[in-house]
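# Remarks on the overall topology
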Amino acid sequence: MKNRLRELRESFGLTQEQLGELVGVSRQAINAIETEKFEPSIWLAYDICKIFHCWIEEVFLFEESERKSRAQKSRGVV
């Protein structure tokens, strides 16, 4: 999932480690979200957005992906 996490984090002057501490995850987890290797749970996404005082849609960009979503895979959608 595309996101603006790095842009927002840097504009607030936070390191990955500092943001991780604020939301209760590791620096590596923040890095994985920023590099789109990991999609956060809805609860983690909510906590991240609270830090930046913005809506989830302002941080996480829900666009169609060329990869099948987990929901599509579980339903057997091609």
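Check the entry above for the structure.
The shown structure was predicted, so the numbers you read here are calculated from the model rather than taken from an experiment.

As a further point, take the side chain of glutamine 16. Considering the arrangement of structural elements, one finds glutamine 16 in helix α2 (residues 16-23). What makes glutamine 16 buried here is its relative accessible area of 13%. Reaching out from glutamine 16, the side chain makes a polar contact with the side chain of glutamate 34 at a distance of 2.8 Å. Setting aside anything within four residues of it in sequence, one finds glutamine 16 in contact with Arg9, Arg27, Ile30, Asn31 and Glu34.

Moving on, we get to the packing of α2 against helix α4 (residues 42-52). Where α2 meets α4, the closest approach of the two axes is 10 Å, and the angle between their N-to-C directions is 115°. Regarding the angle of α2 to α4, the classification is roughly perpendicular. Helix-helix and strand crossings are classified by hand; for α2 and α4 the assignment is right-handed. Between α2, through Leu19, Leu22 and Val23, and α4, the contact on the second element is made entirely by Leu44, Asp47, Ile48, Ile51 and Phe52. In terms of residue class, the contact of α2 with α4 is built from seven nonpolar, no polar and one charged.

Those residues of α4 that fall on the buried side of the exposure criterion are Leu44, Ala45, Ile48, Cys49 and Phe52. For α4, the angular spread of the buried residues around the axis is 135°, confining them to a single face. Turning to α4, the residues buried within the fold contact α1 (5-11), α2, α3 (27-34), α5 (56-59) and β2 (60-61).

So, about α3. Inspection of α3 places Ala29, Ile30, Ala32, Ile33 and Glu34 among the buried residues, and these make up the whole buried set. Buried residues in α3 make contact with β1 (2-3), α1, α2, α4 and β2.

Moving on: the pattern of salt bridges. A side chain of one charge can pair with a side chain of the opposite charge when the charged atoms of the two come close. With the rule as written, the count across this model stands at three salt bridges. The shortest N-O distance in the salt bridge between arginine 4 and glutamate 7 comes to 3.0 Å. Arginine 4 gets classed as partly exposed once you look at its relative accessible area, which sits at 27%. In this structure, arginine 9 engages glutamate 34 in a salt bridge whose closest nitrogen and oxygen atoms are separated by 2.5 Å. Placement of the pair is arginine 9 in helix α1 and glutamate 34 in helix α3, with a sequence separation of 25 residues. Glutamate 34 shares its class with arginine 9; the two are buried.

What counts, and at which threshold
- Residues numbered from 1 in each chain as written.
- Predicted model: local features only at pLDDT ≥ 70, side-chain atom pairs only at ≥ 80, totals over all residues.
- Heavy atoms only, no water.
- Helix = DSSP H or I, 4+ residues; strand = E, 2+ residues; numbered from the N terminus.
- Buried < 20%, exposed > 50% of the residue type's maximum accessible area, 1.4 Å probe, protein only.
- Polar contact = N/O pair within 3.5 Å; in protein donor to acceptor, adjacent residues only side chain to side chain.
- Contact = heavy atoms within 4.5 Å.
- Axes fitted to C-alpha atoms, helices over the stretch in contact; angles between N-to-C directions.
- Parallel < 35°, antiparallel > 145°, perpendicular 65-115°, else oblique.
- Left-handed = near helix turned anticlockwise from the far one by under 90°.
- Nonpolar A, V, L, I, M, F, W, Y, C, P; charged D, E, K, R; others polar.
- Arc of directions from axis to C-beta.
- Salt bridge = Lys/Arg side-chain N within 4 Å of Asp/Glu carboxyl O.

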